[in-house]
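If you want the building blocks of each chain, they are given just below.
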Amino acid sequence: MKELLLYMAKNLVDNPDAVSVTQTEGEDGTVLELRVAPEDMGKVIGRQGRIAKEIRTIIKTVAQRNGQRVTVDIVD
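Cut-offs and rules
Residues numbered from 1 in each chain as written. Predicted model: local features only at pLDDT ≥ 70, side-chain atom pairs only at ≥ 80, totals over all residues. Heavy atoms only, no water. Helix = DSSP H or I, 4+ residues; strand = E, 2+ residues; numbered from the N terminus. Rg over C-alpha atoms; globule rule 2.2 N^0.38 Å. Buried < 20%, exposed > 50% of the residue type's maximum accessible area, 1.4 Å probe, protein only. Contact = heavy atoms within 4.5 Å. Areas by Shrake-Rupley, 256 points an atom, 1.4 Å probe, with all protein chains shown as cover. Lys, Arg positive; Asp, Glu negative; His and termini not counted. Charge placed at Lys NZ, Arg CZ, Asp CG, Glu CD. 1 Å grid on protein atoms, 1.4 Å probe; cavity = no way out; pocket = protein on both sides within 12 Å on 5 of 7 lines; lining within 4 Å. Points joined across faces, edges and corners; volume = space filled by probe spheres on them. Nonpolar A, V, L, I, M, F, W, Y, C, P; charged D, E, K, R; others polar. Pairing = 2+ DSSP bridges. Axes fitted to C-alpha atoms, helices over the stretch in contact; angles between N-to-C directions. Core = buried A, V, L, I, M, F, W, Y, C linked by side-chain atoms within 4.5 Å.

(A) Seen up close, the overall build of the chain. Regarding its fold elements, the chain presents three helices and three strands. Mapped from its N terminus to its C terminus, the chain presents α and β elements in the order α-β-β-α-α-β. Taken over C-alpha atoms, the radius of gyration comes to 12 Å for the chain, in line with the 11 Å a tight globule of 76 residues would show. Buried positions account for 32% of the 76 residues belonging to the chain. Across the chain, the fraction of contacts at a sequence separation of at least 24, relative to all contacts at a separation of at least 6, is 52%. As displayed, the chain offers around 5100 Å² of accessible surface, 47% of which is attributable to carbon and sulfur atoms. Within the chain, one finds 11 positive and 12 negative side-chain charges whose respective centroids are separated by 8 Å.

(B) Seen up close, the layout of surface pockets. Computed from the structure, the largest pocket encloses a volume of approximately 190 Å³. Taken together, Asp-28, Arg-56, Lys-60, Ala-63, Gln-64, Gln-68, Arg-69, Val-70, Thr-71 and Val-72 make up the lining of the largest pocket. Within the residue set of the lining of the largest pocket, elements represented by two or more residues are α3 (50-65) and β3 (70-75). Top element by residues in the lining of the largest pocket is α3. It accounts for four residues. A per-class count over the lining of the largest pocket returns three nonpolar, three polar and four charged.

(C) Spotlight on unusual backbone geometry. Positive phi outside glycine occurs at Gln-48, with the angle close to 55°. If you trace the backbone, Gln-48 turns up in the loop between α2 (41-45) and α3. Accessibility expressed as a relative area gives 72% for Gln-48, which makes it exposed.

(D) Local environment of the sheet that holds strand β2 (residues 29-35). With respect to topology, three strands assemble into an open sheet ordered β1-β2-β3, the strand pairing being mixed. Bordering the open sheet on either side are β1 (20-26) and β3, each of which pairs with just one other strand. Strand-to-strand, the axes of this sheet are offset by a mean angle of 25°, without reference to chain direction. Note: β2 against β3, six bridges, orientation parallel.

(E) Spotlight on the nonpolar core. Counting 18 residues, the largest nonpolar core has Leu-5, Leu-34, Val-36, Val-44 and Ile-59 as the members making the most contacts within it. Mapped by element, the contributors of at least two residues to this core are α1 (2-12), β2, α2, α3 and β3. Sort the elements by how many residues they give to this core and α3 lands first, with four residues. Excluding residues that lie within four positions of it along the chain, Leu-5 makes contacts with Val-21, Leu-32, Leu-34, Ile-55, Ile-59 and Val-72.

See below:
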């Protein structure tokens, strides 16, 4: 999941070197924290959060197919 999130985020932003994903295990599954450069935050979130919602949907769908629970947090 981490690699998929990195791939999607790096292709959305202008500064792909600043993209990082931290994976932690929580009580209710895996938590992926996405960090991007401040000037790229709008590109990852999108208008009214549409892009962020779709990123979360894709990751959640792939995780469910693998029998996992994964959530995505976009961190400032």
